[in-house]
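# Observations on the three-dimensional arrangement
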Amino acid sequence: MRTAFYISDGTAITSEVFGHALLSLFPMQFNHKTIPFVETEEHAYKVLEEISESFQDSGERPLVFYTIVNVDVRKVISRSVGINYNFLDQFVAPLEKVLGVPSKPEKHRTHSIHETTYDIRIEAVNYALANDDGSNLKEYHNADIILVGVSRSGKTPTSLYLALQYGIKAANYPFTEEDMGDMLKLPPALRRFKDKLFGLTIHPERLHQIRSERRANSKYASMQQCRMELREVENLYRREKIPFLNSTKYSVEEISAKILAETGLQRRKY
């Protein structure tokens, strides 16, 4: 199996994102290896050894995706036996020409703690944790969005991703067995915030599988219960005109992006 290395003198998040996006276009399996904070030539030479060992073990030249600001470190990595892709070289020079301004590379700038959105994202994560699973109904007026749905439909991971990636304050509310007794209308806790609601649903077979891993052979995990809950909740969404999304075939990144596209919510910057 061919190895893909993602290397940076920073977090390596950028090289990972670019590299994964490119490799996802190919129906192949890769061995992924991320190496962040390669900040010295000494460390870079150790990375070269690791790339060489990968080549020797597999017989396949590794793919090496890197974003390195330090010129000396970058030169070392560029000499690897792998097939090298320097993302900065690909995009910086053309952008300098278009913008008419020379770039000023600086390590850790992209994902720095000093960026203006950092505090906003941390605040949003704390909000998501404090308002997870209907645990705190008193702060819904501060929510940018309130995700609703049956238990295990993807509300919590989506709330946290929206917070961490976009700085969006996302609460989430699970429809409980008590709520199922009267699904002709919204639960009282949600009525005032109807304009903030976004629903998640999921295929009953997938919900049954997820719940069975948590509570096997229980009423909660039974196919009958899953189908009933989803039917009632989806009918509620339609009746109350609440936008909703079936999360079955989507990653948390895709779910979040689709929510933003449908609601018009924007990444918080200030």
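Residues numbered from 1 in each chain as written. Predicted model: local features only at pLDDT ≥ 70, side-chain atom pairs only at ≥ 80, totals over all residues. Heavy atoms only, no water.

Going by the annotation in an unreviewed UniProt entry, the name recorded for the chain is Putative phosphoenolpyruvate synthase regulatory protein, with Salinimonas profundi given as the source organism. Recorded in UniProt for the chain, the comment headed Function (unreviewed entry) runs: "Bifunctional serine/threonine kinase and phosphorylase involved in the regulation of the phosphoenolpyruvate synthase (PEPS) by catalyzing its phosphorylation/dephosphorylation." Taken from UniProt, the Sequence similarities (unreviewed entry) comment for the chain reads in full: "Belongs to the pyruvate, phosphate/water dikinase regulatory protein family. PSRP subfamily." (UniProt positions renumbered as here; feature names shortened; annotations may be inferred.)

## Quick notes on the overall build of the chain
In terms of regular secondary structure, the chain is built from 11 helices and 8 strands. The C-alpha atoms of the chain give 23 Å as radius of gyration, which overshoots the globular expectation for 270 residues (18 Å, by more than 25%). With 270 residues in all, the chain has 39% of them scored as buried. Looking at the chain alone, contacts between residues at least 24 apart form 69% of all its contacts between residues at least 6 apart. (Helix = DSSP H or I, 4+ residues; strand = E, 2+ residues; numbered from the N terminus. Rg over C-alpha atoms; globule rule 2.2 N^0.38 Å. Buried < 20%, exposed > 50% of the residue type's maximum accessible area, 1.4 Å probe, protein only. Contact = heavy atoms within 4.5 Å.)

## A few points about the sheet that holds strand β3 (residues 63-67)
What the 4 strands build is an open sheet, ordered β2-β1-β3-β4; its pairing is parallel. Of all the strands in the sheet, the pair left with one neighbour each is β2 (31-35) and β4 (83-86). Mean inter-strand twist for the sheet, computed between neighbouring axes without regard to direction, equals 15 degrees. As paired elements, β3 and β4 share 4 bridges and run parallel to each other. Pairing of F65 across the sheet is with Y85, part of β4. Most of the contacts of helix α2 (residues 41-58) go to strand β1 (residues 3-8), to which it runs at about 175 degrees, and overall it touches β1, β2 and β3. Each of β3 and β4 is contacted by helix α4 (residues 87-99), which is oriented at about 35 degrees to β4, the strand it contacts most. (Pairing = 2+ DSSP bridges. Axes fitted to C-alpha atoms, helices over the stretch in contact; angles between N-to-C directions.)

## A closer look at the layout of surface pockets
Its volume calculated, the second largest pocket comes out at about 540 Å³. S151, R152, R211, R214 and Y220 are, among the 26 residues lining the second largest pocket, the residues nearest its centre. Looking at the lining of the second largest pocket, the elements with two or more residues in it are α6 (155-166), β6 (170-175), α9 (204-214) and α10 (223-240). Of the residues that constitute the lining of the second largest pocket, the class distribution is 7 nonpolar, 9 polar and 10 charged. (1 Å grid on protein atoms, 1.4 Å probe; cavity = no way out; pocket = protein on both sides within 12 Å on 5 of 7 lines; lining within 4 Å. Points joined across faces, edges and corners; volume = space filled by probe spheres on them. Nonpolar A, V, L, I, M, F, W, Y, C, P; charged D, E, K, R; others polar.)

## Side note on the pattern of salt bridges
For the structure on display, the rule yields 9 salt bridges. For R2, the salt bridge goes to E60, with nearest N and O atoms at 3.0 Å. With R2 in the segment before β1 and E60 in the loop between α2 and β3, this pair connects stretches of sequence that are 58 residues apart. The class for R2 is partly exposed, based on a relative accessible area of 23%. (Salt bridge = Lys/Arg side-chain N within 4 Å of Asp/Glu carboxyl O.)

## Some words on unusual backbone geometry
If you check the backbone angles, D133 has positive phi at about 60 degrees while not being a glycine. Structurally, D133 is set in the loop between α5 (118-130) and β5 (145-150).

## Remarks on the pairing of β3
For β3, the tally of buried residues reaches 5 of 5 residues, placing the bulk of the element in the interior. Going residue by residue along β3, you find L63, F65 and T67 tucked away on one face and V64 and Y66 tucked away on the opposite face as well. Sheet topology places β1 next to β3; 5 bridges connect them, and they run parallel. In the strand pairing of β3, F5 is matched with V64. In this fold, the crossover linking β3 to β4 by way of helix α3 (residues 71-77) has right-handed handedness. (Right-handed = clockwise from strand over helix to strand, strands pointing away.)

## With respect to the UniProt feature "binding site: ADP" (unreviewed entry) in the chain
In the numbering used here, UniProt assigns the feature "binding site: ADP" (unreviewed entry) to G149, V150, S151, R152, S153, G154, K155 and T156. Checked against the lining of the second largest pocket, the annotated residues reduce to S151, R152, S153, G154, K155 and T156. Here G154 is to be found in the loop between β5 and α6. Taking the relative accessible area as the measure of exposure, G154 reaches 21% and is therefore partly exposed. Position of T156 among the secondary structure elements: in helix α6. Looking at T156, the relative accessible area reads 29%, which means it is partly exposed. Here T156 is in contact with D132 and N172, once residues within four sequence places are set aside. Polar contacts involving the side chain of T156 include one to the side chain of D132, which spans 2.6 Å. (Polar contact = N/O pair within 3.5 Å; in protein donor to acceptor, adjacent residues only side chain to side chain.)

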